[in-house]
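What follows is the residue order along each chain.
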Amino acid sequence: MNSTENQILAGLNQPQKEAVMHFKGPALVLAGAGSGKTRVLTRRIAYLIAEYGVNPGNILAMTFTNKAASEMKERVNKLISEEMRSWVGTFHSFGATLLRREAEKLGFKRNFSIYDTSDQKRMIKEIMQDLNIDTKKTKPSRVLNEISDAKNQLIRPEDYKVEKFNFLSELVSKIYPTYQQRMKESNAFDFDDLIMKPCQLFTEYPRIKEYYNEKYKYILVDEYQDVNHAQYRLSQLLTGIDNNIFVVGDPDQSIYGFRGADINNILNFEKDFADAKVIRLEQNYRSKENILKAAQSVIKNNSSRLDKDLWSDRGEGDSIEFFEAATDKEEAGFIMEEAKKLNRAGEYNYGDMVVLYRTNAQSRSIEDVLRRNQVPYQIVGGLKFYDRKEIKDIVAYLRLINNPADTAALLRIINEPARGIGAKTIERVQDYAYANNISLFQSCLESDHNPELTKAYSSRVIEFAELIEEFQELENEITIDKLVSKILSKTGYESEIISKEGPKAQERLENIGELQSAMREYLQENDDGSLAGFLEEVALIADIDTMEDKNNFITLMTLHSAKGLEFPVVFLAGLDEGLFPHGNSMDDASEIEEERRLCYVGITRAQDKLYILRAKNRFRYGESKYYAPSRFLNEIPDSLINCEDDEDYGTIDIKDKSNNSSINARSSNYKEGQKIIHPSWGIGEIKQVKEDRGTKLTIRFKDGKERELLAEYAPLQPVRR
Ligand SMILES: Nc1ncnc2c1ncn2[C@@H]1O[C@H](COP(=O)(O)OP(=O)(O)OP(=O)(O)O)[C@@H](O)[C@H]1O
Ligand SMILES: [Mg+2]
């Protein structure tokens, strides 16, 4: 064995080695959580290159989240000295890259936009209004889900069949074709198109398929249990006659059924490829034995599954800690106290900990308590960076500059900042566009020919469109981060934020600054540094990507985003019947099984310590509701569990306690009449100190304006005398 080979195979067990050294033909690694599937997949890429002399450009590896993809890239890079030239990324980013090259074959231009959910909803709502469909009775989001389901099944508008006596499906049969037509007019793809369109391309143009089969001789897929039909087809179409497809997965972790993932794809792999090599891994390297046992005792209650052996020699470990709180607030208090304790003891820092929950809404009570007690945390999903209004606005400007046909972007910013272009005017511009069969942007430019618009209005619209044209020219001359500065100043966006947002302005402008740093980073990493390329990256960022590798933050995220990840300490919150398993799944045996798999995913994220929590009463939809313990709790043997003594936490009113310790201590620092300094507004004088869910300060600044700030967050410094 040479030294590279040694390095690549180092620390692998026998079946893992066998998987890594697999060369040609189809192979399936079917194994439980933490058994090294992802490790095997990345090492195999290195092995193909280093040992079998495969050209890195012939390798295509796909996974689900960008986080997983970048980890993959990193791991492979460590193993091979050559620059990484294999294609490693998410299904969606692969689709986007492919379409960037081939869009013209499908009648699109290469500078297409990628629509996100809010763009899609905007478009669907507009179509529904045009077709006189009541958007109150049928929510655009329901229509969107149905269209998305169809696309995940690779059903094109012309193939969409109306289900008898199904009101929604009847509506969708009318909306879907128009939707697809308008997407084309906007030169835009939605997320589902990024998979469906490449499939269409490969089916309609065998030559193109051949070209890519020749290019990507080795296909690898992680988390194969979660591919939906479209992703399945894409993997198949990408696989050439040599059938060099290597997939890894765990049917017990299939958790995206609600988005069309089909567990049968992995179960049928051996039928799809009769000569497939199947490798099973049985040693779990991630978790202590108690954790693994708990996970297995839960999952074995699913009836439709293949039983697998999975063992760990990491030692028994601590018992699983269970705490039943009186309220969700107390549940959060327990997490906070315990996290602090572990952090103080020094064995684990906050970066080693994750709080997992079933629904995004659960994060708020946990966030509140962590914030009040100054425990640093980061939240994945929910409040995503690219979902913030100011970021979406600026990105919409950029999208329109890049692709003037992008109607969703145009509609978002035509009156942002306010330019006196109201809904009526926009409607007239749209009508003119339809009547003359031109794009909305072109219609803006030609507003002076629009008989429905008076001069006062048409000139505002023209001014807007010309400004965009001006930016388009600028884009050729300056870098994208500078372009953003120009947009901020020339459109008046920045001054509007400052005048309208008061204390929040700073945060919003900082966010835009953050976007510019992301751009500079992008420019450094990408030679071409094009606007289109940057926008593509932004569009593809999944929930998980807001997770930065900051060492000392507790991570909060939903169970769905946690797949593939591992943490030394896991808090599994909200094991209440009706919450987890979720209330929507209660009547359906197969949905309960999916919830159980989600529970299995949650438990198996833990390496050393697992806490399971629940609350008897939760505040949901504005009222306090009683919850019974989750059925999954009963499925874990008592012998593995240590019940936390209620007295420690049960009697504490978390809110009062945290008030005493932090906020009051802080608020006593502020007095009326005191002078402070704020980074943006300079020196000010405190006019009023008010206690109302935290300390509110009214401060008069030197510009003469009074602003109300929360003492806890405001970056204030006392002025020293
Ligand atoms: N042979 C081994 N020796 C030591 N550690 C290993 C070995 N194989 C895997 N590991 C480690 O075990 C952990 C789990 O591995 P990995 O993430 O690849 O598992 P997985 O099967 O992909 O899990 P999941 O099903 O959750 O995606 C990682 O920290 C990995 O580095
Ligand atoms: Mg994995």
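Residues numbered from 1 in each chain as written. Chains lettered and ligands numbered in written order. Predicted model: local features only at pLDDT ≥ 70, side-chain atom pairs only at ≥ 80, totals over all residues. Heavy atoms only, no water.

1. Side note on the nonpolar core
By size, the foremost hydrophobic cluster in this structure holds 46 residues, and its most contacted members are Ile394, Leu398 and Phe464. Looking at this core element by element, the count peaks at 8 residues for helix α17 (residues 389-402). Among all residues touching Phe464, those that are not within four sequence positions of it are Tyr397, Leu400, Leu410, Ile413, Ile414, Arg419 and Ile421. The next biggest cluster of nonpolar side chains, apart from the first, holds 40 residues, and it includes Ala103, Leu106, Phe112 and Cys199. (Core = buried A, V, L, I, M, F, W, Y, C linked by side-chain atoms within 4.5 Å. Buried < 20%, exposed > 50% of the residue type's maximum accessible area, 1.4 Å probe, protein only. Helix = DSSP H or I, 4+ residues; strand = E, 2+ residues; numbered from the N terminus. Contact = heavy atoms within 4.5 Å.)

2. Things to note about the pattern of salt bridges
Under the defined criterion, the tally for this structure stands at 39 salt bridges. Salt-bridge contacts for Asp250 lead to Lys308; the nearest nitrogen and oxygen are separated by 2.8 Å. With Asp250 in the loop between β7 (245-249) and α12 (264-267) and Lys308 in the loop between α14 (289-299) and β9 (320-327), this residue pair connects regions lying 58 residues apart in the sequence. For the pair shown, Asp250 and Lys308 are each scored as buried. Between Arg597 and Glu594 there is a salt bridge, and its shortest N-O distance comes to 3.4 Å. Residue Arg597 and its partner Glu594 are located together in helix α26 (residues 589-603), separated by 3 residues, close to a single helical turn. (Salt bridge = Lys/Arg side-chain N within 4 Å of Asp/Glu carboxyl O.)

3. Describing the confidence of the model for the chain
For any part of a model where pLDDT is low, the fine detail of the predicted coordinates should not be relied upon. Looking at the chain as a whole, its pLDDT mean stands at 88, while 91% of the residues score no less than 70. When the elements of the chain are averaged for pLDDT, helix α29 (residues 654-667) gives the smallest value, 32, and strand β13 (residues 567-572) the largest, 98. Contacts of residues 647-668 to residues separated by more than four positions or lying in other chains number 37 contacts, the stretch itself having pLDDT below 50. Both scores are given for the predicted complex: the pTM is 0.79, the ipTM 0.99. (pLDDT = per-residue confidence, 0-100.)

4. Digging into the UniProt feature "binding site: ATP" (unreviewed entry) in the chain
Under the present numbering, the feature "binding site: ATP" (unreviewed entry) in UniProt falls on Ala31, Gly32, Ala33, Gly34, Ser35, Gly36, Lys37 and Thr38. Looking at the secondary structure, you find Ala33 in the loop between β1 (27-31) and α3 (37-50). By relative accessible area, which is 0% here, Ala33 ends up buried. Excluding residues that lie within four positions of it along the chain, Ala33 makes contacts with Asp250, Gln253, Asn284, Arg286, Leu310, Tyr600, Thr604 and Arg605. In this view, Ser35 contacts Gln16, Leu281, Gln283, Asn284, Tyr285 and Leu310; residues no more than four positions away in its chain are not counted. (UniProt positions renumbered as here; feature names shortened; annotations may be inferred.)

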